[in-house]
Amino acid sequence: MPWIYLIIAGCLECGWAVGLKYTEGFTRPIPSVLTGAAMIASFWLLSLAMRTIPVGTAYAVWTGIGATGVAIFGMILFDEPRDIARILCLLLIFAGVLGLKLLSGANPPA
(Lines give C-alpha, C1' and ligand atoms only; values in the text may rest on other atoms or scores of the structure.)
Protein backbone atom coordinates (compact mmCIF):
# COMPACT_ATOMS: atom_id res chain seq x y z
CA MET A 1 0.00 0.00 0.00
CA PRO A 2 2.82 2.53 0.65
CA TRP A 3 3.90 2.33 -3.00
CA ILE A 4 0.35 3.04 -4.13
CA TYR A 5 0.30 6.08 -1.84
CA LEU A 6 3.62 7.18 -3.30
CA ILE A 7 2.50 6.81 -6.91
CA ILE A 8 -0.72 8.74 -6.24
CA ALA A 9 1.30 11.41 -4.40
CA GLY A 10 3.57 11.73 -7.45
CA CYS A 11 0.58 12.06 -9.77
CA LEU A 12 -0.89 14.74 -7.51
CA GLU A 13 2.45 16.52 -7.63
CA CYS A 14 2.02 16.67 -11.41
CA GLY A 15 -1.45 18.09 -10.87
CA TRP A 16 -0.40 20.86 -8.53
CA ALA A 17 2.69 21.79 -10.52
CA VAL A 18 0.65 22.14 -13.72
CA GLY A 19 -2.12 23.79 -11.68
CA LEU A 20 0.29 26.55 -10.65
CA LYS A 21 0.33 27.72 -14.25
CA TYR A 22 -3.46 28.09 -14.19
CA THR A 23 -3.57 29.96 -10.87
CA GLU A 24 -1.86 32.98 -12.49
CA GLY A 25 0.01 33.75 -9.28
CA PHE A 26 -2.90 32.57 -7.11
CA THR A 27 -5.15 35.29 -8.53
CA ARG A 28 -7.72 32.83 -9.89
CA PRO A 29 -9.74 31.30 -7.02
CA ILE A 30 -10.86 27.95 -8.42
CA PRO A 31 -7.51 26.87 -9.88
CA SER A 32 -5.84 28.15 -6.70
CA VAL A 33 -8.06 26.07 -4.41
CA LEU A 34 -7.66 22.96 -6.58
CA THR A 35 -3.88 23.43 -6.70
CA GLY A 36 -3.71 23.91 -2.94
CA ALA A 37 -5.82 20.79 -2.35
CA ALA A 38 -3.57 18.76 -4.66
CA MET A 39 -0.50 20.05 -2.79
CA ILE A 40 -1.89 19.06 0.60
CA ALA A 41 -3.03 15.63 -0.62
CA SER A 42 0.30 15.00 -2.35
CA PHE A 43 2.35 15.83 0.75
CA TRP A 44 0.02 13.84 3.00
CA LEU A 45 0.25 10.72 0.82
CA LEU A 46 4.03 11.17 0.57
CA SER A 47 4.21 11.27 4.37
CA LEU A 48 2.14 8.08 4.63
CA ALA A 49 4.43 6.33 2.15
CA MET A 50 7.49 7.43 4.14
CA ARG A 51 6.30 5.44 7.13
CA THR A 52 7.73 2.33 5.45
CA ILE A 53 9.62 3.43 2.34
CA PRO A 54 13.06 4.93 3.04
CA VAL A 55 13.00 8.73 2.85
CA GLY A 56 15.58 8.98 0.07
CA THR A 57 13.77 6.46 -2.08
CA ALA A 58 10.33 7.95 -1.44
CA TYR A 59 11.43 11.50 -2.18
CA ALA A 60 13.36 10.52 -5.32
CA VAL A 61 10.42 8.53 -6.67
CA TRP A 62 7.95 11.31 -5.80
CA THR A 63 10.02 13.99 -7.52
CA GLY A 64 10.80 11.67 -10.45
CA ILE A 65 7.12 11.00 -11.09
CA GLY A 66 6.39 14.70 -10.71
CA ALA A 67 9.21 15.91 -12.95
CA THR A 68 8.49 13.40 -15.69
CA GLY A 69 4.74 13.95 -15.55
CA VAL A 70 4.99 17.73 -15.59
CA ALA A 71 7.39 17.64 -18.53
CA ILE A 72 4.99 15.40 -20.46
CA PHE A 73 2.01 17.62 -19.60
CA GLY A 74 4.07 20.64 -20.65
CA MET A 75 4.60 19.07 -24.05
CA ILE A 76 0.90 18.28 -24.39
CA LEU A 77 -0.74 21.35 -22.86
CA PHE A 78 1.79 24.13 -23.39
CA ASP A 79 3.50 23.08 -26.62
CA GLU A 80 6.89 22.70 -24.96
CA PRO A 81 9.73 21.13 -27.00
CA ARG A 82 9.37 17.46 -27.92
CA ASP A 83 12.86 16.77 -29.19
CA ILE A 84 14.36 13.29 -28.95
CA ALA A 85 17.05 14.28 -26.42
CA ARG A 86 14.41 15.60 -24.02
CA ILE A 87 12.31 12.46 -24.37
CA LEU A 88 15.37 10.24 -23.81
CA CYS A 89 16.19 12.18 -20.63
CA LEU A 90 12.62 11.67 -19.39
CA LEU A 91 12.99 7.95 -20.08
CA LEU A 92 16.15 7.96 -17.97
CA ILE A 93 14.24 9.54 -15.08
CA PHE A 94 11.53 6.91 -15.49
CA ALA A 95 14.16 4.15 -15.51
CA GLY A 96 15.63 5.57 -12.30
CA VAL A 97 12.24 5.61 -10.59
CA LEU A 98 11.57 2.05 -11.71
CA GLY A 99 15.03 0.98 -10.54
CA LEU A 100 14.45 2.51 -7.10
CA LYS A 101 11.17 0.65 -6.83
CA LEU A 102 12.69 -2.67 -7.83
CA LEU A 103 15.92 -2.39 -5.85
CA SER A 104 14.83 -0.64 -2.65
CA GLY A 105 13.61 -2.32 0.48
CA ALA A 106 10.39 -1.04 2.00
CA ASN A 107 11.08 -2.23 5.53
CA PRO A 108 10.79 0.30 8.34
CA PRO A 109 14.00 1.10 10.22
CA ALA A 110 14.68 -1.02 13.30
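Up top you'll find the structure we're talking about.
First things first, this report covers the structure right here in the doc. All of these numbers come straight from a predicted model, not from anything done at the bench.

Thresholds, definitions, all that
Residues numbered from 1 in each chain as written. Predicted model: local features only at pLDDT ≥ 70, side-chain atom pairs only at ≥ 80, totals over all residues. Heavy atoms only, no water. Core = buried A, V, L, I, M, F, W, Y, C linked by side-chain atoms within 4.5 Å. Buried < 20%, exposed > 50% of the residue type's maximum accessible area, 1.4 Å probe, protein only. Helix = DSSP H or I, 4+ residues; strand = E, 2+ residues; numbered from the N terminus. Contact = heavy atoms within 4.5 Å. Expected span 1.5 Å × (residues − 1). Salt bridge = Lys/Arg side-chain N within 4 Å of Asp/Glu carboxyl O.

**Looking at the nonpolar core**
Across soluble globular proteins, you tend to see nonpolar side chains buried next to one another.
Turning to step 1, where the next piece is worked out: Membership of the largest hydrophobic core comes to 13 residues, with the highest contact counts inside it found for L6, L46, I53 and V61.
Turning to step 2, where the next piece is worked out: Elements with a minimum of two residues in this core: α1 (2–23), α2 (29–49) and α3 (55–77).

**Describing the environment of S32**
Turning to step 1, where the next piece is worked out: Relative to the helices and strands, S32 is located in helix α2.
Turning to step 2, where the next piece is worked out: Taking the relative accessible area as the measure of exposure, S32 reaches 12% and is therefore buried.
Turning to step 3, where the next piece is worked out: With sequence-adjacent residues up to four places away left out, S32 is seen in contact with T23, F26 and T27.

**Comments concerning unusual backbone geometry**
Turning to step 1, where the next piece is worked out: Despite not being glycine, E24 shows a phi value in the positive range, around 50 degrees.
Turning to step 2, where the next piece is worked out: Assignment of secondary structure puts E24 in the loop between α1 and α2.
Turning to step 3, where the next piece is worked out: Accessibility expressed as a relative area gives 51% for E24, which makes it exposed.
Turning to step 4, where the next piece is worked out: Located in the positive-phi region is F26, a residue other than glycine, with phi close to 60 degrees.

**Observations concerning the side chain of T68**
Turning to step 1, where the next piece is worked out: In this fold, T68 is placed in helix α3.
Turning to step 2, where the next piece is worked out: Apart from residues no more than four positions distant in its own chain, T68 is found in contact with L90, I93 and F94.

**Quick notes on α1**
Turning to step 1, where the next piece is worked out: Along its 22 residues, α1 runs 30 Å from first to last C-alpha, staying within 8% of the 32 Å computed at 1.5 Å per residue.
Turning to step 2, where the next piece is worked out: Every buried residue belonging to α1 is among W3, L6, A9, G10, E13, C14, W16, V18, G19 and T23, and all of these are buried.
Turning to step 3, where the next piece is worked out: Looking at the buried residues of α1, the elements they touch are α2, α3 and α4 (84–103).
Turning to step 4, where the next piece is worked out: Backbone geometry just after α1 places E24 at a positive phi near 50 degrees.

**Some remarks on α3**
Turning to step 1, where the next piece is worked out: Helix length check: α3, at 23 residues, gives a terminal C-alpha distance of 32 Å against a target of 33 Å (1.5 Å per residue), a fit within 8%.
Turning to step 2, where the next piece is worked out: The inward-facing, buried residues of α3 abut α1, α2 and α4.
Turning to step 3, where the next piece is worked out: Phi turns positive one or two residues past the end of α3, at D79, with a value near 55 degrees.

**Some remarks on the pattern of salt bridges**
Turning to step 1, where the next piece is worked out: A complete count under the given rule lists two salt bridges for this structure.
Turning to step 2, where the next piece is worked out: Residue R82 is joined to D79 by a salt bridge in which the shortest nitrogen-to-oxygen separation is 2.9 Å.
Turning to step 3, where the next piece is worked out: Residue classification places R82 among the partly exposed residues on the basis of a relative accessible area of 47%.
Turning to step 4, where the next piece is worked out: Look at D79 and you get exposed, because its relative accessible area is 61%.

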